[in-house]
Amino acid sequence: MDRKISMIGRHLIRIKVLQTLYAYKKEENPDFKVFYKELEFSLKKSYEQYLTFLLILSELRSYAEFRISQIQERQIKDEAAWKRLEKFASNRVLKQLEDNPDFVSIITNEKLSIESYKVAFKEIFNTIVSSELYDEYLAAEDSYAADKNFVRTILLNIVAETESLFDSFEENSIFWNDDVDNVVSMVEKTIKGFSETNENGGEILPMFADASTHDFGYTLFTKAVNQWNEINPYIEKSLKNWKMERVAEIDVIIMQLAITEMITFKEIPIPVSMNEYIELAKWYSTANSGQFVNGIMYKVAEELKNEGKIKKVGRGLIEKQ
């Protein structure tokens, strides 16, 4: 049975929990409920960014249609100018996205509009129609495949590279920067899944695949806070000649989360958890943190397994080959 794809997966959730836990530990007297809600809000903002990218794409086609009508209403009509936009206005993939009932429903319910991104949107449109990528699209065959390739190309090379769009994201959310690469890849995956034979184009990814994915982040954060003092001695013991105060705070938090995950989620193999947090250490800490964190996590995991505190079932029994 294929696993359902969602916009927010465990990798992004781990990033969000790490950020939230770091902020929580920085507070002198943190309020758990406040930070729990902050985690929920940051995940919601990630999904909103995904929808916003799709909304921008869907609006581009209708804006091309609008520009054609504007040019045609001029007293001196530039036929070459409006004819240049005809293929854009007829893009089948963008039309499917624009009319997709699930997408329309979600956008309506979330009260999202292009208004907050108007400046960036116009810049994106003008950049597209004056680009070599658009010239190549105009010269390509008139086919659904060409339409889809064009949408994916402008997403990756123009929409996702527009600085003014990032400025707008920053005004709307402090969380956008760590999300954008993941979000763009999910938008591309959505477009890639569209089909000419599907009346609605394809599936708009849900925020979470299922209840267990939704609960993963909240459980991980809650357990990490509650089990902090229980796990700390294991980390200290594995440091040997190091003192805890000499270890970068972010490295400690990463190790705490990794060990919490190993104990709590019995279906996740230990190598999967370790690899995820090693990558986070490389990204959020120093160049040597990945190797350092790996060594400590391995020692702690072995000790906890021997004590029976880490028990794996099902897929979680899988170890490195």
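Asks: Got a minute to help me understand the overall build of the protein chain in this structure?
Replies: Per the secondary structure count, the protein chain includes 15 helices and zero strands. Sequence-distant contacts, at least 24 apart, represent 81% of the contacts inside the protein chain between residues at least 6 apart. Of the roughly 16,800 Å² of accessible surface on the protein chain, a fraction of 49% belongs to carbon and sulfur atoms. Distance from the positive charge centre (41 side chains) to the negative charge centre (52 side chains) of the protein chain: 6 Å.

Asks: Can you walk me through the packing of aromatic side chains in this structure?
Replies: The relation between two aromatic rings is expressed through the spacing of the ring centres and the mutual angle of the planes. Under the criterion given, the structure shown has 18 aromatic pairs. Between the aromatic rings of Tyr24 and Phe35, the centroid separation amounts to 5.4 Å while the plane-to-plane angle is 85°, which identifies the pairing as edge-to-face. With a gap of 11 residues between them, Tyr24 in helix H1 (residues 10–26) and Phe35 in helix H2 (residues 32–72) connect regions that are remote in the sequence. The residues Tyr24 and Phe35 share a single accessibility class, namely buried. Geometrically, the ring pair formed by Tyr63 and Phe66 is tilted, given 5.8 Å between the ring centres and 35° between the ring planes. Of the two residues, Tyr63 and Phe66 both sit in helix H2, three residues apart, roughly one turn of that helix. Residue Phe66 is classed as partly exposed on the basis of its relative accessible area of 40%. Three or more aromatic residues link up through ring pairs in this structure, and these residues are Tyr63, Phe66, Phe88, Phe121, Phe125, Tyr134, Tyr137 and Phe150.

Asks: Hey, could you run me through the environment of Ile68 in this one?
Replies: Along the polypeptide, Ile68 turns up in helix H2. Look past the residues within four positions of Ile68 in its chain and what remains in contact with it is Trp82, Leu85, Glu86 and Ala89.

Asks: Just checking my understanding: could you explain helix H3 (residues 79–89) for this structure?
Replies: Because an α-helix completes one turn every 3.6 residues, residues spaced three or four positions apart along the sequence face the same direction. Taken residue by residue, H3 has Trp82, Leu85, Lys87, Phe88 and Ala89 as its buried positions. Looking at the buried side of H3, the elements it contacts are H2, helix H4 (92–99), helix H6 (118–129), helix H7 (132–139) and helix H8 (144–157).

Asks: In this structure, what is going on with the nonpolar core? I would like to understand it.
Replies: In this structure, Tyr50, Phe53, Leu57 and Phe88 are the most contacted members of the largest nonpolar core, which totals 103 residues. Ranked by the residues each element gives to this core, the list is headed by H2, at 16 residues. Look past the residues within four positions of Tyr50 in its chain and what remains in contact with it is Met7, Val183, Met186, Val187, Thr190, Ile204 and Leu205.

Asks: Looking at this model, I keep getting lost on the packing of H6 against helix H9 (residues 163–172). Mind explaining?
Replies: A pair of packed helices is captured by two measures, namely the crossing angle of their axes and the spacing between those axes. Remark: H6 packs on H9, axes separated minimally by 8 Å, with the N-to-C direction vectors making an angle of 160°. When the interaxial angle is binned, H6 and H9 end up roughly antiparallel. In the crossing of H6 with H9, the sense of the turn from one axis to the other is left-handed. Residue-level inspection shows Ala120, Glu123 and Ile124 of H6 in contact with H9, the latter providing Ser164, Leu165 and Ser168. When its residues are assigned to classes, the contact of H6 with H9 shows three nonpolar, two polar and one charged.

Asks: Just to check I follow, could you spell out the pattern of salt bridges for this structure?
Replies: When charged atoms on two side chains of opposite charge get close, those side chains can pair. All chains considered together, the criterion is met by 18 salt bridges. Across the pair Arg84 and Asp135 runs a salt bridge whose closest N-O atoms are separated by 2.9 Å. You can see Arg84 sitting in helix H3 and its partner Asp135 sitting in helix H7, a full 51 residues away along the chain. Arg84 sits in the partly exposed class, given a relative accessible area of 28%. On the basis of relative accessible area, Asp135 is assigned to the partly exposed category, the value being 37%. Here Glu302 and Lys305 are joined by a salt bridge, their closest N and O atoms 3.3 Å apart. Residue Glu302 and its partner Lys305 are both found in helix H15 (residues 289–306); the two are separated by three residues, about one turn of the helix. Overall, Glu302 belongs to the partly exposed group, its relative accessible area being 27%. What you see here is one network of salt bridges that share partners, running through Arg14, Glu261 and Glu276.

Asks: I tried to follow the environment of Asp251 on my own but got confused; where do I start?
Replies: If you trace the backbone, Asp251 turns up in helix H13 (residues 249–264). When its relative accessible area of 5% is taken as the criterion, Asp251 is described as buried. The spatial distance from the C-alpha of Asp251 to the C-alpha of Leu220 is 17 Å, given a sequence separation of 31 residues.

Asks: Please clarify how the side chain of Ser62 should be interpreted in this entry.
Replies: Checked against the element boundaries, Ser62 lands in helix H2. A residue is classified by how much of its surface remains accessible, and Ser62, at 19% relative accessible area, is buried. Within the structure, Ser62 has its side chain in polar contact with the backbone oxygen of Glu59 (distance 3.0 Å).

How each quantity is defined
Residues numbered from 1 in each chain as written. Predicted model: local features only at pLDDT ≥ 70, side-chain atom pairs only at ≥ 80, totals over all residues. Heavy atoms only, no water. Helix = DSSP H or I, 4+ residues; strand = E, 2+ residues; numbered from the N terminus. Contact = heavy atoms within 4.5 Å. Areas by Shrake-Rupley, 256 points an atom, 1.4 Å probe, with all protein chains shown as cover. Lys, Arg positive; Asp, Glu negative; His and termini not counted. Charge placed at Lys NZ, Arg CZ, Asp CG, Glu CD. Phe/Tyr/Trp six-rings, centres within 6.5 Å; stacked < 30°, edge-to-face > 60°. Buried < 20%, exposed > 50% of the residue type's maximum accessible area, 1.4 Å probe, protein only. Core = buried A, V, L, I, M, F, W, Y, C linked by side-chain atoms within 4.5 Å. Axes fitted to C-alpha atoms, helices over the stretch in contact; angles between N-to-C directions. Parallel < 35°, antiparallel > 145°, perpendicular 65-115°, else oblique. Left-handed = near helix turned anticlockwise from the far one by under 90°. Nonpolar A, V, L, I, M, F, W, Y, C, P; charged D, E, K, R; others polar. Salt bridge = Lys/Arg side-chain N within 4 Å of Asp/Glu carboxyl O. Polar contact = N/O pair within 3.5 Å; in protein donor to acceptor, adjacent residues only side chain to side chain.

Note that all results are geometric; they support no functional claim without further evidence.
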